[in-house]
Amino acid sequence: MLKGFKDFLMRGNVIDLAVAVVIGAAFTSIVTAFTSNFINPIVAAVGGSNVNGFAYKLIEANEKTLIDFGAIITAIINFAIVAAVVYFILVLPMNKIKERRERGKEVGPSEPTDTELLKEIRDLLAAQQRRG
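Note that the structure is a prediction, hence the values are computed from the model and not measured.

**A word on the overall build of the protein chain**
Now for step 1: In terms of helices and strands, the protein chain carries four helices and two strands.
Now for step 2: Along the protein chain, helices (α) and strands (β) appear in the sequence α-α-β-β-α-α when read from the amino end.
Now for step 3: Each of the 132 residues in the protein chain was classed as buried or not, and the buried ones make up 11%.
Now for step 4: In the protein chain, the share of contacts with a sequence separation of at least 24, taken over all contacts with a separation of at least 6, comes to 44%.

Dropping the structure here:
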């Protein structure tokens, strides 16, 4: 049971996934700081003179009815930045390395099919009958 677990952990894709999660989590804090301190003010400025930017209160007296479109736009930008970084820094280089490894492997002779083996046996038997 432990050997199977060890084999599972030692597969390349599990380790790659763990590295991607750790780096993604660490990079998320950088992107969050960038979007909250740079993108949010720009989105709020485009929202007009409204104090809330792109936010809209359904009921003016109730603060809990605030729909914040700026926060949604910021989250989408945040996701796009993290996805792009993970793709270009982790996925793309790993795919290139994988291609290079596969390019270096030589394709050996393929195993004959059952039909090819049967034809070869037939030809050998026919040759034996002619000689005998």
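Now that the structure has been shown, the text picks up again.
**Observations regarding the packing of aromatic side chains**
The geometry of an aromatic ring pair is captured by two quantities: the separation of the ring centres and the angle between the planes.
Now for step 1: Scanning the entire structure with this criterion turns up one aromatic pair.
Now for step 2: Geometrically, the ring pair formed by Tyr-87 and Phe-88 is edge-to-face, given 5.0 Å between the ring centres and 80 degrees between the ring planes.

**Comments concerning the side chain of Thr-65**
Now for step 1: Within the element layout of this structure, Thr-65 appears in the loop between β1 (55–57) and β2 (66–68).
Now for step 2: Accessibility expressed as a relative area gives 16% for Thr-65, which makes it buried.
Now for step 3: For Thr-65, the side chain forms a polar contact with the main-chain oxygen of Asn-62, separated by 2.8 Å.
Now for step 4: Excluding residues that lie within four positions of it along the chain, Thr-65 makes contacts with Tyr-56, Lys-57, Leu-58 and Ile-59.

**Looking at the pattern of salt bridges**
Now for step 1: In this structure the tally under the stated criterion is one salt bridge.
Now for step 2: For Arg-122, the salt bridge is made with Asp-123, and the minimal N-O distance between the two is 3.3 Å.
Now for step 3: Taking the relative accessible area as the measure of exposure, Asp-123 reaches 42% and is therefore partly exposed.

**Points about the confidence of the model for the protein chain**
Now for step 1: Mean pLDDT over the protein chain: 78, with 83% of residues reaching 70 or higher.
Now for step 2: When pLDDT is averaged over each element of the protein chain, helix α4 (residues 114–131) comes out on top at 91 and helix α1 (residues 2–10) at the bottom at 70.

**Concerning helix α3 (residues 69–104)**
Residues spaced three or four apart along an α-helix point in a common direction, a consequence of the helix completing one turn every 3.6 residues.
Now for step 1: End to end, α3 covers 51 Å across 36 residues, agreeing with the expected 52 Å (1.5 Å per residue, within 8%).
Now for step 2: Along α3, the positions that sit buried rather than exposed are Gly-70, Thr-74, Asn-78, Val-82 and Leu-90.

Calculation notes
Residues numbered from 1 in each chain as written. Predicted model: local features only at pLDDT ≥ 70, side-chain atom pairs only at ≥ 80, totals over all residues. Heavy atoms only, no water. Helix = DSSP H or I, 4+ residues; strand = E, 2+ residues; numbered from the N terminus. Buried < 20%, exposed > 50% of the residue type's maximum accessible area, 1.4 Å probe, protein only. Contact = heavy atoms within 4.5 Å. Phe/Tyr/Trp six-rings, centres within 6.5 Å; stacked < 30°, edge-to-face > 60°. Polar contact = N/O pair within 3.5 Å; in protein donor to acceptor, adjacent residues only side chain to side chain. Salt bridge = Lys/Arg side-chain N within 4 Å of Asp/Glu carboxyl O. pLDDT = per-residue confidence, 0-100. Expected span 1.5 Å × (residues − 1).

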